[in-house]
Amino acid sequence: MAEVTNVTEYQAIAKEKLPKMVYDYYASGAEDQWTLAENRNAFSRILFRPRILIDVSKIDMTTTVLGFKISMPIMIAPSAMQKMAHPDGEYATARAASAAGTIMTLSSWATSSVEEVASTGPGIRFFQLYVYKDRNVVAQLVRRAERAGFKAIALTVDTPRLGRREADIKNRFVLPPYLTLKNFEGLDLGKMDEAQDSGLASYVAGQIDRTLSWKDVKWLQTITSLPILVKGVMTAEDTRLAVQNGAAGIIVSNHGARQLDYVSSTIMVLEEVVKAAQGRVPVFLDGGVRRGTDVFKALALGAAGIFIGRPVVFSLAADGEAGVKKVLQMLRDEFELTMALNGCRSLSEITRNHIMTEWDASQALAVPSRL
């Protein structure tokens, strides 16, 4: 295999290696997949204003997330059913994250349980939660995550119903019979029945609670002391509500463009959310990050860190734990270089003035003077 020199190259390798049903499940977005392309394309409309002649011989990329020190502001987003990509699945991802000194978020729909992932060794891990109709299931799962040493709950709020992913419908997607949703195995919710369309869509329709609302965010705080990150916020209005309802942080996410098509890219709404949060809670971004330059752009717009999703499952499919490690290392190296070439020695030195966006250009015309 030719040497992989960037994150995106893993996608083609994964496409070759994986069964079509599995690759399509990971790769596809909702409906026309406009937002899927836009999540990437939007980054190319943000340009740098680099500062020169600054001593960049030492660069510090460390940061803290919810009080936990990590090596870089690049973390792993929750991706379901990773054993479809590689037999080691979530075990490999957990080990790679831990080796890189960063945070892994485990999906509710993982093919390894919270206990199994905890058994891989030390590491800072978050647990992504879907709220099932049966709240006892939810309470039990949250308690198990707490006991297994998970440090936060990432509550996914953009999935009252599953988005229309047409590849999954065509492929009649279903979790392969030799795998289970390990966190639900003992609850008879671990298997997915074949359906006329997408087996996952039918599973969600049957199990996930469409009545989910802000009162449930409050309820969650009564059953756990873990901080709650609200994942799937895309507007200032919901940012203010998240803060009012006790969220410890916000993840700006459109679910990898897999839910509502024709929603903006996450990088384009990030600044709106950051401004609405008013520094009261950290704001993170996921969606479309494939380069160190993307990470820098997100931080310049006020993100406290970013999460990567598809690059993890694609590199996992290509090369297991070593693939995920390499993705994290490549992003780290690129981000460090981007910082150096922009004249930033620490994350606190990355400012809004280091980038320009289309909407800055229109303001610059109206206001001639610029700092």
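Rules used in this analysis
Residues numbered from 1 in each chain as written. Predicted model: local features only at pLDDT ≥ 70, side-chain atom pairs only at ≥ 80, totals over all residues. Heavy atoms only, no water. Salt bridge = Lys/Arg side-chain N within 4 Å of Asp/Glu carboxyl O. Helix = DSSP H or I, 4+ residues; strand = E, 2+ residues; numbered from the N terminus. Buried < 20%, exposed > 50% of the residue type's maximum accessible area, 1.4 Å probe, protein only. UniProt positions renumbered as here; feature names shortened; annotations may be inferred. Contact = heavy atoms within 4.5 Å.

Student: Outline the pattern of salt bridges, listing residues and values.
Tutor: Inspection of the entire model under this criterion finds 18 salt bridges. One salt bridge in this structure joins Arg-144 and Glu-115, with 2.9 Å as the shortest N-O distance. Placement of the pair is Arg-144 in helix α6 (residues 135-147) and Glu-115 in helix α5 (residues 114-118), with a sequence separation of 29 residues. Among the salt bridges present, the one from Asp-286 reaches Lys-231, with a minimum N-O distance of 3.7 Å. Residue Asp-286 is located in strand β10 (residues 283-286), and its partner Lys-231 is located in strand β8 (residues 228-233); the two are separated by 55 residues in the primary sequence. Like Asp-286, the residue Lys-231 is buried in the burial classification. Residues participating in the shared-partner salt-bridge network are Arg-135, Asp-209, Lys-215 and Asp-216.

Student: Residue-level account of the UniProt feature "active site" (unreviewed entry) in the chain, with values.
Tutor: Taken from the UniProt record, the annotation "active site" (unreviewed entry) applies to His-255. With respect to the helices and strands, His-255 occurs in the loop between β9 (249-252) and α11 (266-277). If sequence neighbours within four positions are ignored, His-255 has contacts with Tyr-130, Thr-156, Asp-158, Thr-159 and Arg-165.

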